[in-house]
Amino acid sequence: MLLKGTASIATMSSINLNVYLEKVISLQTIEILHIEVPQKEVFQSAIAMRKAREAMVVRIMDTDGHVGYGESSARPDPYYSSEFVDASMTLIEKFILPHLEPQIQVGEFLQWLKKIRGWPFTVAGFENAIHDLLAKRHGKYILDYWKAPRLEKVPVGISIGLQKSPDALESVIMQSLKEGYRRLKFKVFPGMNENLLPVFEKHKNDFYISFDANGSFHKEHIDQLAFYTQFDTAFEQPFPADRFDVLLEAKKALPDLKICFDEEVKSLGDLIKLHQLGVVDELNLKPGRVGGLLNALEILDYCQAHNIPCWIGGMFETGIGRSQNIQLASLIPDAVAHDLSPSSRYFIKDVLKNPIKMDENGFTSLQLAQQAEVDKATIEEFVRYKIVKNIVL
Ligand code: OSB
Ligand code: MG
């Protein structure tokens, strides 16, 4: 079935989804869960402080009892993007649930979802549940249609929050190296404790080091970015996502500054524009940020065709989102690492029966991610409220 308006999906060179999109699902029950998963410790970035992971989880059951889960990685507040968990719940309740028929044709339904303007994390959460349900029913996940060979072990990097002192920074570095992470990405912002910078410098050649400012640098901070060019790795999202002028000014002042995009790329069109303007050094691809897995596949296809280094980012997902992101990361043969640290890093307890682990060399197993199974009792413990819709024939 050719998706109108998204013909590129049907013509992607690396995957053929024609058979997949023809499938039909007989819906029984849809549940939208607002969960809150307690964290081991607080995480501080330029965005906000986080003590627990709140998330929306979509659970879809078909008439044969197969269950699919999808997680939306929107935050509980509108500080990363305009979406937030309670609003995601409302969007689904008001605009997706009423549209559901007892039988949905996958391609048609996913095409219809694209009618919704914005709300990429919310829509992605719903889309993920559909893909998961189809995987449970047919034993074949959407990504299993990928034509090229896939990685069996996916390299993992850690995203490290702002540290209060050089000692605290040293100790988190030592701990992360001991655990085997293949990349250490540090959250930074302009004017942060200057005593931390020599610590980064000291470890310059010890491991793959990168930085993420979540858009906190502005015009007046460009000179502070000079420090980071010595590391020779791409700097993630230095400037507010829409300040292309500041980006160009910085590129001119600091020709060695390499940029990894995060929030600047919300769609394939955003990426093509930046690529054609010649400013893309690397892409952090978060399927939720670009509105779901199908869009993420299109973007990955484009990156691979144009030799744009790309890796999979995270939003501190629980095991549900993480296992799906690991599977996506397995399609990328040459990334140094992905932001897919195991949930044991953040959470006291995860929602999976077999929480995903990382080995001592910093790899996580595709097979374990493919076998991920949600522990129903555990997820129930974390539910704050839910919206349930039974589809009656
Ligand atoms: O900028 O990549 C980011 C988490 C929430 C919002 C934005 C970002 C992040 C991360 C988390 O860096 C990485 C992870 O999930 O391990
Ligand atoms: Mg980022």
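Residues numbered from 1 in each chain as written. Chains lettered and ligands numbered in written order. Predicted model: local features only at pLDDT ≥ 70, side-chain atom pairs only at ≥ 80, totals over all residues. Heavy atoms only, no water.

**So, the layout of surface pockets**
A water-sized probe, rolled over the atoms, reveals where empty space remains.
Inference 1: The calculated volume of the largest pocket comes to roughly 450 Å³.
Inference 2: Along its surface, the largest pocket is lined by 18 residues, and E41, V42, Q163, V172 and R345 are the ones closest to its centre.
Inference 3: Among the elements of the structure, β1 (24–44) and α6 (166–179) are those that each provide at least two residues to the lining of the largest pocket.
Inference 4: Residue contributions to the lining of the largest pocket peak at six residues, all from β1. (1 Å grid on protein atoms, 1.4 Å probe; cavity = no way out; pocket = protein on both sides within 12 Å on 5 of 7 lines; lining within 4 Å. Points joined across faces, edges and corners; volume = space filled by probe spheres on them. Helix = DSSP H or I, 4+ residues; strand = E, 2+ residues; numbered from the N terminus.)

**A closer look at the site of ligand 1**
Inference 1: Taken together, 18 residues sit near ligand 1, with D212, N214, K286, F316 and R322 positioned nearest.
Inference 2: One of the backbone N or O atoms of M315 is found 3.3 Å from an oxygen atom in ligand 1.
Inference 3: In a pocket analysis with a 2 Å cut-off to the grid points, ligand 1 is assigned to the largest cavity.
Inference 4: Looking at the shell around ligand 1 residue by residue, the classes come out as five nonpolar, five polar and eight charged. (Near = heavy atom within 4 Å. Polar contact = N/O pair within 3.5 Å; in protein donor to acceptor, adjacent residues only side chain to side chain. Sits in = over half its atoms within 2 Å of the grid points. Nonpolar A, V, L, I, M, F, W, Y, C, P; charged D, E, K, R; others polar.)

**Examining the coordination of the magnesium ion (ligand 2)**
Inference 1: Taken together, the protein donors to the magnesium ion (ligand 2) comprise D212 (OD), E236 (OE) and D262 (OD), at separations of 2.0 to 2.4 Å.
Inference 2: Sequence positions of the residues that donate to the magnesium ion (ligand 2) give the spacing D-x23-E-x25-D. Here E236 lies in strand β8 (residues 235–236) and D212 lies in strand β7 (residues 209–212), a separation of 24 residues in the sequence. Assigned by exposure class, D212 and E236 land together as buried. (Donors = N, O, S within 2.8 Å, 3.2 Å for Na, K, Ca; no water. Buried < 20%, exposed > 50% of the residue type's maximum accessible area, 1.4 Å probe, protein only.)

**Things to note about the packing of aromatic side chains**
Inference 1: Following the criterion strictly, the structure yields 16 aromatic pairs and no others.
Inference 2: Ring geometry for F186 and F211: centres 6.2 Å apart, planes at 35 degrees, overall tilted. Remark: F211 occurs in strand β7 and F186 occurs in strand β6 (residues 183–187); sequence separation between them is 25 residues. Note on accessibility: F186 and F211 belong to one class, buried.
Inference 3: An aromatic cluster is defined as three or more aromatic residues linked by ring pairs; in this entry it consists of F186, F200, F211, F217, F227, Y228, F231 and F235.
Inference 4: Its end group placed over the ring of Y145, K140 keeps NZ or CZ at 4.1 Å from the ring centre. (Phe/Tyr/Trp six-rings, centres within 6.5 Å; stacked < 30°, edge-to-face > 60°. Lys NZ or Arg CZ within 6 Å of the ring centre and 35° of its normal.)

**A short note on the packing of helix α10 (residues 268–276) against helix α11 (residues 293–305)**
Inference 1: Contact geometry for α10 and α11: axes closest at 9 Å, N-to-C directions at 20 degrees. Relative to α11, the element α10 is oriented roughly parallel. Every residue of α11 that contacts α10 at L268, L271, I272 and H275 is listed here: E298, I299, Y302 and C303.
Inference 2: Along the lines of polarity and charge, the residues of the contact of α10 with α11 split into six nonpolar, one polar and one charged. (Axes fitted to C-alpha atoms, helices over the stretch in contact; angles between N-to-C directions. Parallel < 35°, antiparallel > 145°, perpendicular 65-115°, else oblique. Contact = heavy atoms within 4.5 Å.)

**Side note on empty space enclosed by the protein**
Inference 1: Summed over the entire model, instances satisfying the criterion amount to five cavities of 30 Å³ or more.
Inference 2: Estimates place the volume of the largest cavity at around 240 Å³.
Inference 3: Lining the largest cavity are 24 residues; nearest its centre among them are S159, K187, G314, M315 and F316.
Inference 4: Counting only elements with at least two residues in the lining of the largest cavity, the list comes to β5 (153–160) and β6.
Inference 5: Take the lining of the largest cavity: its biggest share by element is three residues, from β5.
Inference 6: Within the lining of the largest cavity, the residues separate by chemical class into eight nonpolar, six polar and 10 charged.
Inference 7: Approximately 130 Å³ is the volume found for the second largest cavity.
Inference 8: In this structure, the second largest cavity is lined by 16 residues; those nearest its centre are E71, N128, P287, Q324 and N325.
Inference 9: If you list the elements that add at least two residues to the lining of the second largest cavity, you get β3 (67–72), α5 (120–138) and α12 (319–329).
Inference 10: Looking at side-chain class alone, the lining of the second largest cavity contains six nonpolar, eight polar and two charged residues.

**Points about the pattern of salt bridges**
Inference 1: The final tally for this structure, using the stated rule, is 26 salt bridges.
Inference 2: Note that E71 and R53 form a salt bridge whose closest N and O atoms lie 3.0 Å from each other. Taken together, the positions of E71 in strand β3 and R53 in strand β2 (residues 49–62) put the pair 18 residues apart, joining distant regions of the chain.
Inference 3: Look at E71 and you get buried, because its relative accessible area is 4%.
Inference 4: A salt bridge links E170 to K202; its shortest N-O distance comes to 2.5 Å. Of the two residues, E170 sits in helix α6 while K202 sits in helix α7 (residues 197–202), which places them 32 residues apart along the sequence.
Inference 5: Three or more residues are tied together by salt bridges with common partners; here these are R183, K185, K187, D212, E236 and D339. (Salt bridge = Lys/Arg side-chain N within 4 Å of Asp/Glu carboxyl O.)

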